[in-house]
Amino acid sequence: MHVMTTGLDNAPPALLLHGGGVAGWMWNSLRPHLESTHTVLVPDLPGHGRSHHEPYVSHERTVDALADLLRRSTGGKALVVGFSLGAQLAIELAARHPGLVADAVVVSAQAKPIRFTVPLLRALGVTAPLARQRWFATVQARKLFIPPDLLEEYVRTSAGITRQTLIAAVGANLRFELPEGWARFPGRALVLAGRRERRLMRESATDIHAALPGSTLEVVEGCGHGIPLQRPDWFAGRLRAWLSER
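Residues numbered from 1 in each chain as written. Predicted model: local features only at pLDDT ≥ 70, side-chain atom pairs only at ≥ 80, totals over all residues. Heavy atoms only, no water.

Caption draft 1: Examining the pattern of salt bridges more closely. All told, the structure shown has 10 salt bridges when counted by the stated rule. Linking Arg188 and Asp103 is a salt bridge whose minimum nitrogen-to-oxygen distance equals 3.2 Å. Placement of Arg188 in strand E6 (residues 188–194) and of Asp103 in strand E5 (residues 101–107) is noted, with a sequence separation of 85 residues between them. Note on Asp103: relative accessible area 5%, which makes it buried. (Salt bridge = Lys/Arg side-chain N within 4 Å of Asp/Glu carboxyl O. Helix = DSSP H or I, 4+ residues; strand = E, 2+ residues; numbered from the N terminus. Buried < 20%, exposed > 50% of the residue type's maximum accessible area, 1.4 Å probe, protein only.)

Written as structure tokens, this is what we have:
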């Protein structure tokens, strides 16, 4: 798994986990806000970006790899920020490896499993080749609030995602349930969802917060599924403010 490391040496790690269909470049606007205080770790998750040669297999295997990455860090417990698919991984990481995670920021994580996923995944497999078409990727980029300066990165990433990765990652996303360990996570957690997201996503954010009562829940007005890309300056400022409350 390819990992870009920036920021300070031997500082607390900040692990930034992107969503499905994008890659570590989605955090380009956030990284500068953390690099003066953290060792910033930005992986391209399996099957995505510069890790496209390594198919996505499961959340469990990916979390194991992320935990190994944090164990090699020398700065103590990590700030883990995840969006969508990455937010589910952040929850799993905090639940299964609480000794590695100080703070978890969970942005737009689906936490209500979808029934009857087989027909959905079969249809996804049939339409998978469309992701390699520029016109289709451009349409999807608008839905994800990809800014113009990152459009080419998105088109390349989309074209590199295989059918195997697409079905495995989306299947894991659709079937995701909150792990039992989440309720026992001793660190802090900030849970965000956009007001204009699907009701399923807003309800998921409520469930994530309810399972960990000490967490902070915010529904962000005017935002859809893509808060860090749709409102990057607001997101960076809110994260800094939340971290300063420690």
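Caption draft 2: Quick peek at the packing of aromatic side chains. In this structure the tally under the stated criterion is 3 aromatic pairs. Ring geometry for Trp25 against Tyr154: centres 6.5 Å apart, planes inclined by 85 degrees, an arrangement best described as edge-to-face. Taken together, the residues Trp25 in the loop between strand E2 (13–17) and helix H1 (31–34) and Tyr154 in helix H6 (residues 151–160) connect sequence positions 129 residues apart. This pair shows no difference in class: Trp25 is buried, exactly as Tyr154 is. Ring plane angle 35 degrees and centroid distance 6.3 Å describe the contact between Trp27 and Phe235, whose orientation is recorded as tilted. One end of the pair, Trp27, is in the loop between E2 and H1; the other, Phe235, is in helix H10 (residues 232–244), and 208 residues separate them in sequence. Phe235 matches Trp27 in its accessibility class, with the two residues each being buried. (Phe/Tyr/Trp six-rings, centres within 6.5 Å; stacked < 30°, edge-to-face > 60°.)

Caption draft 3: Quick look at helix H8 (residues 199–211). Spanning 13 residues, H8 covers 18 Å between terminal C-alpha atoms, matching the ideal 18 Å at 1.5 Å per step. Looking at H8, one finds that the buried residues are Leu200, Met201, Ser204, Ala205 and Ile208. Relative to the axis of H8, the buried residues are bounded by an arc of 140 degrees and lie together on one face. Relative to its buried face, H8 has exposed residues pointing more than 90 degrees away, namely Arg199 and Ala210. (Expected span 1.5 Å × (residues − 1). Arc of directions from axis to C-beta.)

Caption draft 4: Molecular detail of the sheet that holds E2. Read across the open sheet, the 7 strands follow the order E1-E3-E2-E4-E5-E6-E7; overall the sheet is mixed. The sheet terminates laterally at strand E1 (3–7) and strand E7 (216–220), the two strands that pair on one side only. On average, each strand axis in the sheet is tilted by 15 degrees relative to the strand beside it, whichever way the strands run. Here strand E4 (residues 78–83) pairs with E5 via 6 bridges, running parallel. (Pairing = 2+ DSSP bridges. Axes fitted to C-alpha atoms, helices over the stretch in contact; angles between N-to-C directions.)

Caption draft 5: Main features of the pairing of E4. Counting buried positions along E4 gives 6 out of 6 residues, so the element sits mostly inside the fold. Covered by surrounding structure in E4 are Ala78, Val80 and Gly82 together with Leu79, Val81 and Phe83, the residues of both alternating faces. Pairing analysis gives 4 bridges linking E2 to E4, with the strands arranged parallel. Residue pairing in the sheet places Leu17 in a bridge with Gly82 of E4. Handedness of the E4-helix H3 (residues 85–96)-E5 crossover: right-handed. (Right-handed = clockwise from strand over helix to strand, strands pointing away.)

Caption draft 6: Inspection of empty space enclosed by the protein at higher detail. Under the defined criterion, the tally for this structure stands at 1 cavity of 30 Å³ or more. The volume enclosed by the largest cavity comes to roughly 40 Å³. The wall of the largest cavity is formed by Met26, Trp27, Ser29, Leu30, Pro228, Pro232, Phe235 and Ala236. Per-element accounting of the lining of the largest cavity gives the leading share, 3 residues, to H10. Residue composition of the lining of the largest cavity, grouped by class: 7 nonpolar, 1 polar and no charged. (1 Å grid on protein atoms, 1.4 Å probe; cavity = no way out; pocket = protein on both sides within 12 Å on 5 of 7 lines; lining within 4 Å. Points joined across faces, edges and corners; volume = space filled by probe spheres on them. Nonpolar A, V, L, I, M, F, W, Y, C, P; charged D, E, K, R; others polar.)

Caption draft 7: Broad picture of unusual backbone geometry. Even without being glycine, Asn10 reaches a positive phi, approximately 60 degrees. Looking at where Asn10 falls in the secondary structure, it is placed in the loop between E1 and E2. Of note, Ser84 is a non-glycine position whose phi angle comes to about 55 degrees, a positive value. Within the secondary structure, Ser84 sits in the loop between E4 and H3.

Caption draft 8: How the structure looks around the layout of surface pockets. Taken as a whole, the second largest pocket encloses approximately 210 Å³ of empty space. Taken together, 17 residues line the second largest pocket, and the ones lying closest to its centre are Trp25, Asp44, Gly49, Arg50 and Glu153. The biggest single contributor to the lining of the second largest pocket is H6, with 4 residues. Taken together, the residues of the lining of the second largest pocket sort by class into 4 nonpolar, 8 polar and 5 charged.

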